[in-house]
Each structure stands twice: as structure tokens, then as C-alpha cells.
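# Structural characterization, general
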Amino acid sequence: MSEYHIRLLREGDWPDVIAAEERAYAPSGLSEGGAALRSRHHASPSTCFVLEDADGFCGYLLALPYPLFHCPDLSRAESDGVERGSNLHAHDLVIAERARGRGLADRLLRHLEETGRAAGFRTLSLVAVRGSQVLWSRLGYRARPEIGLPASYGTEAVYMAKPLAPPSADTVPSPSRAEVG
Ligand SMILES: CC(C)(COP(=O)(O)OP(=O)(O)OC[C@H]1O[C@@H](n2cnc3c(N)ncnc32)[C@H](O)[C@@H]1OP(=O)(O)O)[C@@H](O)C(=O)NCCC(=O)NCCS
């Protein structure tokens with residue numbers, strides 16, 4: 001059995017999730033706070049996960065269906081009635097400091113890919129912040145610097161997406177003029 005375990009996020013996880021998010025993003029002004037985080041989970045509880053080991057919480061991943069080439073605004077909570085669509089957006093991923101550098105971010109994202117594929121999503125997207133674009137490129141995400149992002153992400157963020165179906169059968173479509181920022 002693996003020493004790490006991925007499971008759905010539960011109510012009792014919020015103190016760990018909120019503390020990890022604040023530690024990861026508050027110094028760079030990117031923390032969205034507990035209410036917004038909870039609203040992303042509320043929009044799609046079946047695509048939000050916690051990773052743990054024998055000592056407990058090791059990290060989390062919040063994902064929700066979101067139209068391709070669009071993303072949540074960090075300064076606003078999710079409103080009810082999120083469209084299902086065919087794109088699954090990995091909104092936020094944090095690995096606890098004690099567990100970094102062991103490939104756990106990859107593991108959580110691969111788990112999300114399997115979940116998304118099984119649920120019939122065709123593409124997976126994320127917004128790379130603070131230079132993490134390199135990391136996600138290795139997993140097959142392609143940068144879309146032409147996509148405009150909400151100001152709440154700062155100036156360094158880049159939208160990225162990858163197809164979920166086998167590459168020969170499916171590709172990420174090109175953005176329309178209206179989606180290019
Ligand atoms: C980014 C993060 C999720 C990576 O998690 P992780 O489990 O340590 O990642 P992995 O073990 O899979 O990969 C580690 C590699 O990523 C690199 N890396 C970590 N953060 C990075 C960043 N911001 N930019 C570029 N590379 C980064 C490490 O140097 C390491 O490289 P190596 O494999 O060549 O040694 C983790 O550092 C974290 O939670 N950071 C704070 C929150 C954050 O920035 N989340 C991403 C939002 S898009």
C-alpha cells in the first residue's frame with residue numbers, strides 16, 4: 001500500500017486547507033481566503049481532494065468545471081449554478097511544506113485527470129502562478145499566454161490547458177477572438 005492516500009475533501013479538512021492556502025499565497029498577495037475556497041468546493045465536491053500520509057494532511061487540490069479559456073476570479077466567491085461544460089479547471093493545488101519535492105503535486109493532478117476522464121471531461125486547465133508553468137508543462141499542459149486573466153492573479157500568471165482524451169483523438173481547441181485578452 002502507498003504511504004500516501006488521496007480522498008475527497010471533508011468538512012473537517014478546512015482548518016488545514018485554509019492555513020496551507022494562506023501560508024502559500026498570502027506573502028505574494030494571492031490568498032483568496034476561506035469563503036472563496038469553500039465556494040469552489042461547494043461548486044464541485046466530487047473534484048476536490050486531500051492528500052494525507054500517516055502523519056495527516058499533506059496537501060489539497062480544488063477543481064471545478066469551468067468554461068475553457070476562463071477561470072475563477074480570486075477576489076470573488078463562486079456563484080451558484082456553475083455550468084458543467086466539458087472542461088475541468090484545477091483551481092488550486094498546495095502541497096504542505098513538509099511534503100514538497102516528492103512528486104505529490106504530480107500525483108494529485110494525475111488523480112484529477114483520471115477523475116475528469118471518467119466523468120467525461122475533455123480538457124483540463126489551470127492557471128500557473130509564481131513560475132510554476134515549468135512544472136505543469138512537464139505534465140502536458142500547454143501555456144496559453146494569449147488568454148487574459150482577472151487582475152487578482154497578478155502579472156506573472158499564465159493560463160494552461162491539456163486534452164484529457166488520447167492526443168490523437170482530441171486536442172484543446174483554439175480560443176475565439178473574444179477569449180483572447
Ligand atoms: C508548486 C507545488 C504545488 C509543487 O509541489 P511538489 O509536490 O513539491 O512538486 P513536485 O515534487 O511534483 O515537483 C517538485 C519540482 O517542482 C519544482 N518547483 C516547485 N515549485 C515551483 C515553482 N513555483 N516554479 C517552478 N518550479 C517549482 C521543484 O524545484 C522541483 O523540481 P525538480 O523536480 O526539478 O527537483 C508546491 O511547491 C506548493 O504547494 N507551492 C505553493 C503553492 C503553489 O504555488 N501552488 C501552485 C499554484 S499554480
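Heads up: these notes are all about the structure in this document. Everything quoted here is computed from the prediction, not taken from an experiment.

## A look at the packing of helix H1 (residues 14–25) against helix H2 (residues 33–43)
- One can describe the packing of H1 onto H2 by two numbers: an axis separation of 10 Å at closest approach and a directional angle of 120°. Relative to H2, H1 is oriented oblique. Read as a crossing pair, H1 and H2 show a hand that is right-handed. Along the contact surface, H1 presents Trp 14, Ile 18 and Glu 21, while H2 presents Gly 33, Gly 34, Leu 37, Arg 38 and His 41.

## Thoughts on the nonpolar core
- In this structure, Leu 93, Leu 108, Leu 109, Leu 112, Trp 136 and Tyr 141 are the most contacted members of the largest nonpolar core, which totals 27 residues.
- Elements with a contribution of two residues or more to this core: strand E2 (48–53), strand E3 (56–65), strand E4 (87–95), helix H3 (104–118), strand E5 (123–128) and strand E7 (158–163).
- In contact with Tyr 141, not counting residues within four places along its chain, are Leu 109, Glu 113, Leu 124, Ser 125, Leu 126, Trp 136, Met 160, Ala 161 and Lys 162.
- Counting residues in each nonpolar core, the second largest holds 26 residues, with Trp 14, Leu 62, Tyr 153 and Val 172 among its members.

## Some points on the sheet that holds E4
- Reading across from one edge, E1-E2-E3-E4-E5-E7-E6 is the order of the seven strands in this open sheet, with mixed pairing throughout. Two strands bound the open sheet, and with one partner strand each, they are strand E1 (5–8) and strand E6 (142–143).
- Both E5 and E7 contribute to a ladder of six bridges, which runs antiparallel. Bridging across to E7, Leu 126 finds its partner in Met 160.
- Together, E2, E3 and E4 form the strand contacts of H1, whose direction differs from that of E3 by roughly 85°.

## Some words on the packing of aromatic side chains
- Under the definition given, this model contains one aromatic pair.
- Considering the side-chain rings of Phe 69 and Tyr 159, the 5.9 Å spacing of their centres and the 50° angle between planes classify their relative orientation as tilted. Placement of Phe 69 in the loop between E3 and E4 and of Tyr 159 in strand E7 is noted, with a sequence separation of 90 residues between them.
- The class for Phe 69 is buried, based on a relative accessible area of 4%.
- Taking the relative accessible area as the measure of exposure, Tyr 159 reaches 1% and is therefore buried.

## Observations concerning the site of the ligand
- Surrounding the ligand, one finds 21 residues, the nearest of these being Leu 93, Ile 95, Gly 101, Gly 103 and Leu 135.
- The contact in question runs from an oxygen atom of the ligand to an N or O atom on the backbone of Ala 105, over 3.0 Å.
- In the model, a nitrogen atom of the ligand is placed 3.1 Å from a nitrogen or oxygen of the Gly 131 main chain.
- Taking 880 Å² as the accessible area of the ligand by itself, protein coverage stands at 69%.
- For the shell around the ligand, the secondary structure elements donating two or more residues are H1, E4, H3, E5 and helix H4 (133–137).

## Comments concerning the side chain of Arg 144
- Tracing the sequence through the fold places Arg 144 in the loop between E6 and E7.
- Given the relative accessible area of 3%, Arg 144 is considered buried.
- Residues in contact with Arg 144, not counting those within four places in the same chain, are Phe 69, Val 158, Tyr 159, Met 160, Val 172, Pro 173, Ser 174 and Pro 175.

Thresholds, definitions, all that
Residues numbered from 1 in each chain as written. Predicted model: local features only at pLDDT ≥ 70, side-chain atom pairs only at ≥ 80, totals over all residues. Heavy atoms only, no water. Axes fitted to C-alpha atoms, helices over the stretch in contact; angles between N-to-C directions. Helix = DSSP H or I, 4+ residues; strand = E, 2+ residues; numbered from the N terminus. Parallel < 35°, antiparallel > 145°, perpendicular 65-115°, else oblique. Left-handed = near helix turned anticlockwise from the far one by under 90°. Contact = heavy atoms within 4.5 Å. Core = buried A, V, L, I, M, F, W, Y, C linked by side-chain atoms within 4.5 Å. Buried < 20%, exposed > 50% of the residue type's maximum accessible area, 1.4 Å probe, protein only. Pairing = 2+ DSSP bridges. Phe/Tyr/Trp six-rings, centres within 6.5 Å; stacked < 30°, edge-to-face > 60°. Near = heavy atom within 4 Å. Polar contact = N/O pair within 3.5 Å; in protein donor to acceptor, adjacent residues only side chain to side chain. Areas by Shrake-Rupley, 256 points an atom, 1.4 Å probe, with all protein chains shown as cover.

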